[in-house]
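Overview (structure and organization)
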Amino acid sequence: MTRPDRHELIRALFDEYIEKYAGRDDSLTEHFSENFSGCTGGGDFLVKDRDAWVKITRQDFSEVPGRIRIDLLDLALQDLSDDVVMSTAFFRIHLPLQDSILSKETARLVLVFRREGEAWKIVSSTISIPYHLVQTGEVYPLSNLQSRNRELEILVEERTRELEAMNAKLETLSNTDGLTGVANRRRFDCELDKEWNRNRRTGQPLALIMLDVDHFKHYNDCRGHLEGDRCLKALAETLERMERRAGRMVARYGGEEFTVLLPDTDLRGAQEAARRIQRGIWDLALPHPDMPQGPADGIVTVSLGVASLVPAGDNSPESLVREADAALYKAKNAGRNRIWPEPDEPA
């Protein structure tokens, strides 16, 4: 068993070596014995004299001039005789450069110290780092480290882009109606809150059109659900085409019901938009033989409820939805295939 005073001596010798080596301190070379042997971490040759080791050490310091960090993992101290002690250490080396490879490897260092006169000298140093990347003229494998680290960076960048694209796709899917491709109810609710808050700051009105396909259940029952799906898709495409303007959003609210959100739009502007939508759906001329006679004889029509509010403290986004929904209900009660409140100009 090593005596406490000898243990402290060996640890002090080891710590002095590590500090000078990590700090790139050339005075470390003064601690090498004239009777020296050792081997480098990446070399395939044996160093048999002090001058060769001094040369290698200085090459090491010039190759990586900045201070390195050494994380000690384990250490064994041995008191071999009055004049000979040894330390064996496991540690990780962190170079002062971007590195994802070497810093994860475990280095092994064996130092043998011998007392020569009044001083302790290093008579042997053996370091082993299992990276096998050192090229001719290098102490550390900087060329390969930089190359491999860049490869890792590129791989990480590619994976990050792929992940971002996947997340964006998932975000789009979570906000999109699977049948029609327009925004879904979730996206509508988010946009309504956002535009409500924005228009409350600007003092501008926010309008909403709610529309419902007339007698759609009967259409589905007579023509089948596949035709019903095609009908909803065609209506969604028409709404998108008719109201493809900055800030305006078409959404499938549920079933055969759609919404159109119109920022910075008063009631008259929303009624004009509703009229355009109504005529665009008439122009589709989707057959619906059970529709009553009128301006849209035997084709699919919609009823539209229109509302516009200036966001303020005494109302809310839900207030706008309630008003538009109430207007839609009145349009249906008034005979369907119409806009409520009715626009001033005739259809």
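Located above this text is the structure these notes cover.
Presented here is an overview of the structure given in this document. For clarity, every value in this text was computed on a predicted model and none was experimentally measured. Throughout this description, residue numbers start from 1 for each chain and increase along the sequence as written. Local features are withheld for residues below a pLDDT of 70 in this predicted model, meaning they are given only at 70 or higher, and side-chain atom pairs are given and counted only at 80 or more; totals for whole chains, interfaces and linings count all residues. Side-chain calculation: all heavy atoms of the structure are included, whereas hydrogens and water are not.

Grouping buried Ala, Val, Leu, Ile, Met, Phe, Trp, Tyr and Cys residues that are joined through side-chain atoms within 4.5 Å yields what is termed a nonpolar core. Burial classification: accessible surface area is computed with a 1.4 Å probe over protein chains only, and a residue below 20% of its type maximum counts as buried, one above 50% as exposed, and the rest as partly exposed. Formed by 33 residues in total, the largest nonpolar core has its most connected members in Y17, I68, F91 and L109. In DSSP terms, a helix is any run of H or I states spanning at least four residues, a strand is any run of E spanning at least two, and both are numbered starting from the N terminus. Per-element tally for this core: the top contributor is helix 1 (residues 4–22), with seven residues. Throughout, a residue-residue contact means that at least one pair of heavy atoms, one from each residue, lies within 4.5 Å. Once residues within four sequence positions are removed from consideration, F91 is found in contact with I70, D71, L72, L73, E105, T106, A107, L109 and I127. Counting residues in hydrophobic clusters, the runner-up holds 28 residues, among them V213, C231, V250 and V260.

Right, let's talk about empty space enclosed by the protein for a bit. Grid spacing is 1 Å over the protein atoms alone, the probe is 1.4 Å, and a cavity is where that probe fits but cannot get out, while a pocket is an open set with protein on both sides within 12 Å along at least five of seven lines and lining residues have an atom within 4 Å of a point. Grid points are joined across faces, edges and corners, and a volume is the space filled by probe spheres set on the points. Taken as a whole, this structure holds two cavities of 30 Å³ or more when the rule is applied. Going through the elements one at a time, helix 1 and strand 5 (119–128) are the ones with two or more residues in the lining of the second largest cavity. Tallied by class, the residues present in the lining of the second largest cavity amount to six nonpolar, one polar and one charged. Just so you know the grouping, Ala, Val, Leu, Ile, Met, Phe, Trp, Tyr, Cys and Pro go in nonpolar, Asp, Glu, Lys and Arg go in charged, and all remaining residues, Gly too, go in polar.

Moving on, we get to helix 1. Between the first and last C-alpha of helix 1 there are 26 Å, a value that for 19 residues agrees with the 27 Å anticipated at 1.5 Å per step. Among the structural elements, helix 2 (50–63), strand 2 (69–79), strand 3 (84–94), strand 4 (107–116) and strand 5 are those in contact with the buried residues of helix 1. A helix is expected to reach a length of 1.5 Å times the quantity of its residues less one.

All right, on to the packing of helix 5 (residues 216–223) against helix 6 (residues 225–242) then. Throughout, an axis means a line fitted to C-alpha atoms (over the contacting stretch in the case of helices), and angles, computed between N-to-C directions, take values from 0 to 180 degrees. At a minimum axis distance of 7 Å, the contact between helix 5 and helix 6 shows a crossing angle of 135°. As the angle between them shows, helix 5 and helix 6 are arranged oblique. Seen from helix 5, the contacting residues are F216, Y219, N220 and R223; seen from helix 6, they are H225, E227, G228, C231 and L232. Class assignment of the residues belonging to the contact of helix 5 with helix 6 gives a composition of four nonpolar, three polar and two charged. Orientation is classified from the angle alone, with under 35 degrees giving roughly parallel, over 145 giving roughly antiparallel, 65 to 115 giving roughly perpendicular, and any other angle giving oblique.

Bridge analysis of strand 2 against strand 3 gives 10 bridges, and the strand direction is antiparallel. Bridging from a neighbouring strand, L75 pairs with A89 of strand 3. Being paired, for any two strands, means DSSP has found at least two bridges between them. Hairpin connection between strand 2 and strand 3: a loop of four residues separates the two successive antiparallel strands.

This part covers the pattern of salt bridges. By salt bridge we mean one thing: a side-chain nitrogen of Lys or Arg within 4 Å of a carboxyl oxygen of Asp or Glu. Under the definition given, this model contains 24 salt bridges. In this structure, the salt-bridge partner of K332 is D212, at a minimum N-O distance of 3.3 Å. With a gap of 120 residues between them, K332 in helix 8 (residues 317–333) and D212 in strand 6 (residues 206–213) connect regions that are remote in the sequence. Judged by relative accessible area, D212 falls into the buried class, the value being 9%.

With that settled, consider the environment of F216. Among the secondary structure elements, F216 is positioned in helix 5. C-alpha separation for the pair F216 and V302, spaced 86 residues apart in sequence, amounts to 9.4 Å. Beyond its immediate chain neighbours, meaning those up to four positions away, F216 contacts G228, C231, L232 and E256.

Turning to the packing of helix 4 (residues 185–202) against helix 8, a few remarks are in order. Each pair of packed helices can be described by the angle between their axes along with the distance between the axes. Running from N to C, helix 4 and helix 8 cross one another at 115°; their axes reach a closest spacing of 9 Å. Contacts between helix 4 and helix 8 involve F188, L192, D193 and W196 on the former and, on the latter, P317, L320 and V321. Here the contact of helix 4 with helix 8 is composed, by residue class, of six nonpolar, no polar and one charged.

In this section: the sheet that holds strand 3. Here we have five strands laid out as an open sheet, ordered 1-5-4-3-2, and mixed in their pairing. Because the sheet does not close on itself, it has two edges, and the strands there are strand 1 (32–39) and strand 2. Put simply, the sheet's adjacent strands are angled 20° from each other on average, direction ignored. The pairing of strand 3 with strand 4 spans eight bridges and is antiparallel. Within strand 4, the position partnered with F91 by the bridge is A107. The strands that helix 1 touches are strand 2, strand 3, strand 4 and strand 5; relative to strand 2, the one it contacts most, it runs at about 150°. Strands in contact with helix 2 are strand 1 and strand 5; relative to strand 1, the strand with the most contacts, it is inclined by about 65°.

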